[in-house]
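Listed here are the chains, written in short residue letters.
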Amino acid sequence: MTSVTAKEGTQPPGAAQRAVISVRGVEKYFPIKEGTLQRVVGHVQAVDGVSFDVRPGETMGLVGESGCGKTTLGRCIGGLVPPSGGKIYFRLSDEDAARLDVIDPIPEADRTVEQRKQVGRIDANHRVDVLSGKAWRMYRRNCQIVFQDSFSSLNPRQLVKDLVGRPLQVHKEASGQELTERVVSLLESVGLGRQHLYRYAHQFSGGQRQRISIARALALDPEFIVLDEPTSALDVSVQAQILNLLHDLQKERGLTYLFISHDLGVVRLMSDRIAVMYLGKVAEYGTATELFEDPRHPYTEALLAANPDIRSEESMMKGLKGAVPNPAKPPEGCRFHTRCPVVTPACGWEVDDSVAWLQTHELLAAGLADVQRRSNFDATLVFHDEESASAVSQAIQNGDMPPAMKAALENVSTEGRSVQITFFPVEPVELEDIGDGHLTACLLQTERRHQTWPPQPSADTSSRTAANPSSASTRNSSTR
Amino acid sequence: MLVNESHVAINTRYDRATRPLVASVRDLKVYFEAKAGVVHAVDGVSFDIRDGETLGLVGETGCGKSVTARAFIRLVPSPPGIYAGGEIDFWSTEARKNGSDPIDLLEIPHDEMLAIRGDRIAMIFQDPGKALNPALSIRSQVAEVFYQHRSEDILEPMGDHVPRLIRRAAQQQTNSFERILLKFPPWRAKAEKLKERVDDLVARALTETQISNPRTIMDSYPHELSGGMKQRVLIAQALACNPDLLIADEPTTALDVTIQARILELISELQERLETSVLYISHDLSLVKEICDRVAVMYAGRIVETGTTEEVFSDPKHPYTRGLMAAVPSAHHKRGELAAIEGTVPELVDPPPACRFNTRCPFAVEICQTTDPRVLMVGAEHTVACFAYDTSDGSVVLPTLERWVS
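Here goes a summary of the coordinates provided.

So, on to the nonpolar core. Core analysis: the biggest nonpolar cluster contains 177 residues, and Ile21(A), Phe52(A), Leu73(A) and Ile77(A) have the highest contact counts within it. Considering each element in turn, this core owes the most residues, nine residues, to helix H13 (residues 257-274) of chain B. Non-local contacts of Ile77(A), meaning those with residues more than four positions away in its chain, are made with Ile21(A), Val23(A), Phe52(A), Ile88(A), Val128(A), Tyr139(A), Cys143(A), Phe224(A), Val226(A) and Leu258(A). Membership of the second largest hydrophobic core comes to 36 residues, among which are Leu28(B), Met123(B), Leu245(B) and Met298(B).

This is the structure we're talking about:
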């Protein structure tokens, strides 16, 4: 059924149809440049290894907070920016997908000539970022984008007739009277009409402008549309009109959507399958019902808990502590561990977390002079004087530090005015299947929760397993 | 049951009210001059805010909710804005204690308004990125409130005999010559003491909003802070003087849901502690339901329905309120079957007497297009302006309205 895979090559058997869009390990890094020479000093990891398939006629939802990379991923898929790693395929047949599954894990140098040829053929015909010529034009026809802000995505100097008719002209589909008639029928299909042909974008309301954007996207009768927050700038009553319209068009024309939004209610309504993104990675993936009725990642739970529901009886809005970490240096282990309410010692505690903890204590932070890192897990904190150093090590010992972080510490040693801290190194948390194509990137849901944690094996496993069912059950009771 | 004049309707309401009023808006009209004519942005709005309550003002874009809020502290630019009528009566804590008459915020002179703004009535704006000055540090932006309104507080540790120059410094009224003087002895030590005191006050205000390291934050500039942090700074600024009325104009629209929940928790916690009344403006019905005690629904410059949150959300009366609620997507909806309100908000240029919602109302009848609806009492605190409930002439009753409740 599904094929979002943590690592490529674990696609379950029996995938029925070809995927319209197949995203495989896509990465998009933006360089951070500094200085007069514009030297690259780092990368913002906007999208970091995302994989999923979008099947014909379905709506794939992409949710997450601002800055989680959902729009960047949408732009990569739309062919507007090339991904810096990974591949995006269009209309990949099952046989080709199976071939790629076999070939992809093999390093480039070890592939046979036959395998290289196959990859070359598949890439030339299906891989979005290397398509050219006819195949590229075919892709541009079949993949359209509706943007969030209809003010900036419609040229203020063009008439509606030109805005909507432009794709038809570019692809030499129609001209003259025929073009006008085609535009009129497109406008009619989105609830506008002939009287709107000779107007400018600014003469329309927000909802109407979004209709024009949709009409333009439909002009070439595409197979796939990326909807990038199509209703977030609209009022609820108008949003409802547009959502209904999008659904009707999908039914009529058999469209496939990638629906990007930060609004959980809207995504739930519109999507068959949803991927929840956090800091460039997919945190959880599953069908809309599964995800909302039985969320299996604390971030999804937090999003649901923070979302006010107009129809629920009890009030239950709950926020998350802290801010989204810097995407140029995402946290180790699970990326969500800095804000997670059910965090365990195994979730990836690192030096940055201990420094952040120090900074919440004004007195302790005041003494901090320098942080000498040897790795993300190992550093020496240098203080201005011995007193602050011993105050900090005391604070660590007597439970001022969050218990999970303390348990993750392999070693703390104070020497003069420096405190050396070492955390147990942790591997990144990858998506894992927890049944029926429901994937989550949470340790608590996967086999790794049974692994013993070095410091106090018995105590930890009990606390982790205890945290898991309770959080899941509170969620369940509140959604029903 | 039925009351002819909106004034009377509301007067009967305060007799029943247990809490004293903080503000009372009567028939407020704010117009804007435009090329096409006069835009009636706010056209006869009346509501009350009681002590310690949160009143939600909901409506779609362009319905006049922000203009109403800004009229409280006369922030509507004029021209093109025209305060065309009505009054906003405001009782400060002292006025309520002394039992004295309220002041009309639209009538008082400018300098009195300056004393009220930021002190008795404070406002939190929609976009924290735009509301903070990017060129000033957080310290100086929060300190400004104290210099403006709390110079006595700043001077407190100085003892009884404060030199005039220092007093002027505490009110930020020094001229450039005096500022140079303050850099040299004997003034220098006093000026530094003053600065320390202000820093303490700023740090305390920031701590109130659960900023964990206020001294570090004070020295940073707005671009260094996240959206949620900026909004906390704005809240600290707004609540620094413990105002009687806090106007929150969509304070969380620019924030993510997880941050939004934290900010709202913070606002309601501080409100409870400081006993501030809040006028909460939002387009998001589900948020308003979550945090408000009473709700006023606005449409096209008028209030169409008011009531306690329970009343309005469990038994919405006005077709517009029902339409809005039905349009919010939820688990109960099937795809493609969202109840949308057809059409768009009408132009408000010289509107004729009519129910403003008649162009989009599925139940509109002839009278809706020719006459202004009256404000009717439909419950103890529940008012609605719709002919469907106007049984005075017994003619117009719209049983099909029930269809809207899903």
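Residue and element names in this part refer to chain B. The antiparallel open sheet is built from four strands, whose spatial order is S2-S1-S4-S5. The strands lining the two open edges of the sheet, one partner per strand, are strand S2 (37-50) and strand S5 (103-104). Alignment of strand S1 (residues 21-34) against strand S4 (residues 81-90), held across eight bridges, turns out to be antiparallel. Residue phenylalanine 32 lies in a different strand from S4, and its bridge partner there is glycine 81. Along the sheet face, helix H2 (residues 65-72) touches S1, S2 and S4 and points at about 115° away from the line of S1.

With that out of the way, let us pick up the sheet that holds strand S11 (residues 378-383) of chain A. All names here are of chain A. Judged by pairing direction, the sheet is antiparallel, and its four strands sit side by side in the order S10-S11-S13-S12 without closing on themselves. Strands at the two margins of the open sheet, each flanked by one partner only, are strand S10 (368-375) and strand S12 (409-415). Across the sheet, the mean angle from the axis of one strand to that of its neighbour is 15°, orientation sign disregarded. The pairing of S12 with strand S13 (residues 418-423) spans six bridges and is antiparallel. When the sheet's bridge partners are listed, valine 412 is paired in S13 with isoleucine 421. The strands that helix H13 (residues 351-359) touches are S10, S11 and S13; relative to S10, the one it contacts most, it runs at about 165°.

All names here are of chain A. Of all the six residues making up strand S8 (residues 273-278), six are buried; the element is thus mostly covered by neighbouring parts of the structure. Side chains of S8 alternate between two faces, with Arg273, Ala275 and Met277 and Ile274, Val276 and Tyr278 buried alike. Taken together, the four bridges between strand S3 (residues 59-63) and S8 define a ladder with parallel strand orientation. Bridge pairing links methionine 60 to arginine 273 in S8. Two elements, S8 and strand S9 (residues 281-287), share six bridges in a ladder whose sense is antiparallel. In the sheet register, tyrosine 278 faces S9, and the bridge partner there is lysine 281.

With omega at -5°, the peptide bond leading from Ser78(B) into Pro79(B) counts as cis. Mapped onto the elements, Pro79(B) comes out in the loop between H2 and S4. The omega torsion across Pro185(B) and Pro186(B) is 5°, close enough to zero to call that bond cis. Its location among the elements puts Pro186(B) in the loop between helix H9 (176-181) and helix H10 (187-208). At Asp221(A), a residue that is not glycine, the phi angle is positive and equals roughly 55°. Tracing the chain through its elements places Asp221(A) in the loop between helix H8 (206-218) and strand S6 (224-228). The phi dihedral of Arg74(B) is positive, around 50°, even though this residue is not glycine. Of note, Arg74(B) is situated in the loop between H2 and S4.

Our next topic: the pattern of salt bridges. This structure, assessed with the given rule, holds 45 salt bridges over all chains. The salt bridge partner of Arg182(A) is Glu173(A), with a shortest N-O separation of 2.9 Å. The exposure class assigned to Arg182(A) is partly exposed, which follows from its relative accessible area of 26%. With a closest N to O distance of 3.3 Å, Arg120(B) and Asp119(B) form a salt bridge. Asp119(B) matches Arg120(B) in its accessibility class, with the two residues each being buried. Each of Arg24(A), Lys87(A), Asp101(A) and Asp104(A) takes part in one network of salt bridges that share partners.

A separate point is the interface of chain A and chain B. Each side of the interface is counted separately: chain A has 43 residues, and chain B has 45 residues. A combined buried area of about 3700 Å² lies between chain A and chain B, and 56% of that area is made up of carbon and sulfur atoms. Contact with chain B buries surface across chain A, with Leu269(A), Ile310(A) and Arg311(A) losing the most and accounting together for 20% of the total. Put simply, chain A and chain B have one salt bridge between them. Its salt-bridge partner being Asp272(A), residue Arg335(B) comes within 3.1 Å of it at the nearest N-O pair. The tally of links between chain A and chain B comes to 14 residue pairs in polar contact (both at pLDDT 80 or more). Within the residue set of the side of chain A that touches chain B, elements represented by two or more residues are helix H9 (236-253), helix H10 (264-270) and helix H12 (298-306) of chain A. Here the side of chain A that touches chain B gets nine residues from one element, more than from any other, and that element is H9(A). Classifying every residue of the side of chain A that touches chain B gives 16 nonpolar, 17 polar and ten charged.

All names here are of chain A. Between helix H2 (residues 94-103) and helix H3 (residues 113-126), whose axes approach to 11 Å, the crossing angle comes to 130°. As the angle between them shows, H2 and H3 are arranged oblique. For H2 against H3, the interelement crossing comes out left-handed. Side by side, H2 and H3 meet where Asp96, Arg99, Leu100 and Ile103 of the first sit next to Gln115, Gln118, Val119, Arg121, Ile122 and His126 of the second. Residue composition of the contact of H2 with H3, by class: four nonpolar, three polar and three charged.

About the criteria used
Residues numbered from 1 in each chain as written. Chains lettered and ligands numbered in written order. Predicted model: local features only at pLDDT ≥ 70, side-chain atom pairs only at ≥ 80, totals over all residues. Heavy atoms only, no water. Core = buried A, V, L, I, M, F, W, Y, C linked by side-chain atoms within 4.5 Å. Buried < 20%, exposed > 50% of the residue type's maximum accessible area, 1.4 Å probe, protein only. Helix = DSSP H or I, 4+ residues; strand = E, 2+ residues; numbered from the N terminus. Contact = heavy atoms within 4.5 Å. Pairing = 2+ DSSP bridges. Axes fitted to C-alpha atoms, helices over the stretch in contact; angles between N-to-C directions. Salt bridge = Lys/Arg side-chain N within 4 Å of Asp/Glu carboxyl O. Buried area = accessible area lost by both parts, 1.4 Å probe. Polar contact = N/O pair within 3.5 Å; in protein donor to acceptor, adjacent residues only side chain to side chain. Nonpolar A, V, L, I, M, F, W, Y, C, P; charged D, E, K, R; others polar. Parallel < 35°, antiparallel > 145°, perpendicular 65-115°, else oblique. Left-handed = near helix turned anticlockwise from the far one by under 90°.

Purely geometric stuff here, so don't read any function into it on its own.
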